[in-house]
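Next come the chains, spelled out residue by residue.
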Amino acid sequence: MDTPATPRVNRQRTTRSSQDLLEANLISPSDVAAIDAVNEHFSIAVTPDMMALIDPADANDAIARQFIPDPRELETRPEELADPIGDIPHTPVKGITHRYPDRVLLKPVHVCPVYCRFCFRREVVGDNGEGLSPAELDAALTYIRTHPDIWEVILTGGDPLILSKAKLHHIIQALDQIEHVDVIRIHTRIPVVDPSRIDAEVAQILKVSKPVYVVLHTNHPQEFSDAARTACATLIDTGIPMLSQTVVLKGINDNPETLTQLFRTMVKNRIKPYYLHHGDMAKGTSHFRITIQEGQALMRALRGRVSGICQPTYVLDIPGGYGKVPIGPHFLQKQEGDSYYVEDPWSQMHVYPPQGS
Ligand SMILES: *Cc1c(COP(=O)(O)O)cnc(C)c1O
Ligand code: SF4
């Protein structure tokens, strides 16, 4: 990395308050009251690794904007929802979301090492949320055991890799022993935001008889510090495939150059870009959302310019709990008589003839 012009913020422990942010010179005394007001609703946490990447001189720093509260978080739009992707109606037992027949979310924890200001589960994720007690975890595992249609279990939360090694081991072992569960998936931000947690021991815990996929939540190429790359390599070298999910965020990564750099960085680190999420309608997050039209234009800009293995699927989680669907640009138009117009990556149209004629 280049040597920064200004010293980066160097802290030993997680930043959790306006006072911490003030000491780090990331806010001014006049911001304190507004930040405290936000903090009453939505927890603050910025790990030392992420603090070290922030340039306090850059008012639009891509890391700072993701984790440092903004007074606009208290501005709620009428279309915004407390449960934006409809987890609640699909919760048969505490800690389980069962929306699709073949896979469930298992949410053992409600805390994260960082709190993303645009978090889609921000009403339930945070220091005041509720994780699963041992009895509740047992009940959630029993639900999975007694539903033979469940092919895949997705650990999410909160960030499941924040669990103690003993708890993580217990859950992975339990899932590995359920006959009808073929695949285990973990959604996490830890390899980039708190990479020292990913050591050989954690990698070994995840190395079980069933495939364990790790899906990394990462939104900006700047997040890939040397330590983050090493953490990902530790998992992948153990035989754990990695995919990614990214949220498109206004002013942070909503331009083709940043996304190109991000997806190339992932692929260079053996991580396959999986989803680019359109921002969910979580409360107080409208300042992060772009329009679907803008998102499609971004995907169009990547098509043809950037390797196919660097292309994620642009998805929308339909508000209300109706599932995730691809909303990327389309290149095909049906014409009279079953022929098609197909658009190439350089916007030229071509006729594709009807089949069988
Ligand atoms: C996002 C999500 C999944 C996973 O969806 P994939 O398309 O398989 O990645 C599963 N269940 C719920 C409830 C989800 O929100
Ligand atoms: S890591 Fe995920 S669950 Fe945690 S605050 Fe960020 S978006 Fe929310």
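The coordinates are above.
Read on for a plain summary of the structure. (Residues numbered from 1 in each chain as written. Chains lettered and ligands numbered in written order. Predicted model: local features only at pLDDT ≥ 70, side-chain atom pairs only at ≥ 80, totals over all residues. Heavy atoms only, no water.)

A regular strand places its side chains so that they alternate between the two faces of the sheet. As paired strands, strand β11 (residues 340–343) and strand β12 (residues 349–352) are joined by 4 bridges and run antiparallel to one another. Its bridge partner lying in β12, Glu343 is registered against Met349. Here β11 folds back onto β12 in antiparallel fashion, the turn holding 5 residues, of which Ser347 has a positive phi close to 70 degrees. (Pairing = 2+ DSSP bridges. Helix = DSSP H or I, 4+ residues; strand = E, 2+ residues; numbered from the N terminus.)

Quick look at the packing of helix α5 (residues 134–145) against helix α6 (residues 165–176) now. At their nearest, the axes of α5 and α6 sit 11 Å apart, and the two run at 20 degrees to each other. By the criterion of interaxial angle, the relationship of α5 to α6 is roughly parallel. Where α5 crosses over α6, the two elements pack in a sense that is right-handed. Where α5 approaches α6, its residues Leu137, Leu141, Ile144 and Arg145 are matched on the opposing element by His170, Ile171, Ala174 and Leu175. (Axes fitted to C-alpha atoms, helices over the stretch in contact; angles between N-to-C directions. Parallel < 35°, antiparallel > 145°, perpendicular 65-115°, else oblique. Left-handed = near helix turned anticlockwise from the far one by under 90°. Contact = heavy atoms within 4.5 Å.)

All right, on to the sheet that holds strand β7 (residues 271–277) then. Strand order in this open sheet of 9 strands is β1-β2-β3-β4-β5-β6-β7-β8-β9, and the pairing throughout is mixed. Two strands close off the open sheet at either side, each with one partner strand: β1 (96–100) and β9 (324–326). Ignoring which end each strand starts from, the neighbouring axes of this sheet average 25 degrees apart. Two strands pair when backbone bridges link them, and β7 and strand β8 (residues 313–317) are joined in this way by 3 bridges, in the parallel orientation.

In the region of ligand 1, the neighbouring residues are Thr97, Arg99, Tyr100, Arg103, Leu105, Ile154, Arg185, Tyr274, Tyr275, Asp317 and Lys324. Taking Arg99, its side chain carries an N or O atom lying 2.7 Å from an oxygen atom of ligand 1. Burial of ligand 1 by the surrounding chains reaches 92%, relative to a free accessible area of 380 Å². Among the detected pockets, ligand 1 sits in the largest pocket. Every element with two or more residues in the shell around ligand 1 is listed here: β1, β2 (103–106) and β7. A per-element tally of the shell around ligand 1 places β1 first, with 3 residues. Looking at the shell around ligand 1 residue by residue, the classes come out as 5 nonpolar, 1 polar and 5 charged. (Near = heavy atom within 4 Å. Polar contact = N/O pair within 3.5 Å; in protein donor to acceptor, adjacent residues only side chain to side chain. Areas by Shrake-Rupley, 256 points an atom, 1.4 Å probe, with all protein chains shown as cover. 1 Å grid on protein atoms, 1.4 Å probe; cavity = no way out; pocket = protein on both sides within 12 Å on 5 of 7 lines; lining within 4 Å. Sits in = over half its atoms within 2 Å of the grid points. Nonpolar A, V, L, I, M, F, W, Y, C, P; charged D, E, K, R; others polar.)

So, on to the site of ligand 2. By nearness alone, every residue bordering ligand 2 is listed as Cys112, Val114, Tyr115, Cys116, Cys119, Arg189 and His217. Taken atom by atom, the bulk of ligand 2 overlaps the largest pocket. Grouping the amino acids of the shell around ligand 2 by side-chain chemistry returns 5 nonpolar, 1 polar and 1 charged.

On to the packing of aromatic side chains. Counted according to the given criterion, the structure contains 2 aromatic pairs. Arranged with centres 5.5 Å apart and planes meeting at 75 degrees, the rings of Phe118 and Phe288 form a pair that is edge-to-face. With Phe118 in the loop between β2 and α5 and Phe288 in the loop between β7 and α11 (292–302), the pair connects residues that are 170 residues apart, well separated along the chain. You can call Phe118 buried: its relative accessible area is 8%. By relative accessible area, which is 3% here, Phe288 ends up buried. When the centroid spacing of 3.9 Å and the interplanar angle of 20 degrees are considered together, the rings of Tyr274 and Tyr275 count as stacked. Taking NZ or CZ as reference, Arg103 lies 3.9 Å from the ring centre of Tyr100, over its face. Above the plane of the ring of Tyr340 lies Lys334, whose end atom (NZ or CZ) is 5.9 Å from the centre. (Phe/Tyr/Trp six-rings, centres within 6.5 Å; stacked < 30°, edge-to-face > 60°. Buried < 20%, exposed > 50% of the residue type's maximum accessible area, 1.4 Å probe, protein only. Lys NZ or Arg CZ within 6 Å of the ring centre and 35° of its normal.)

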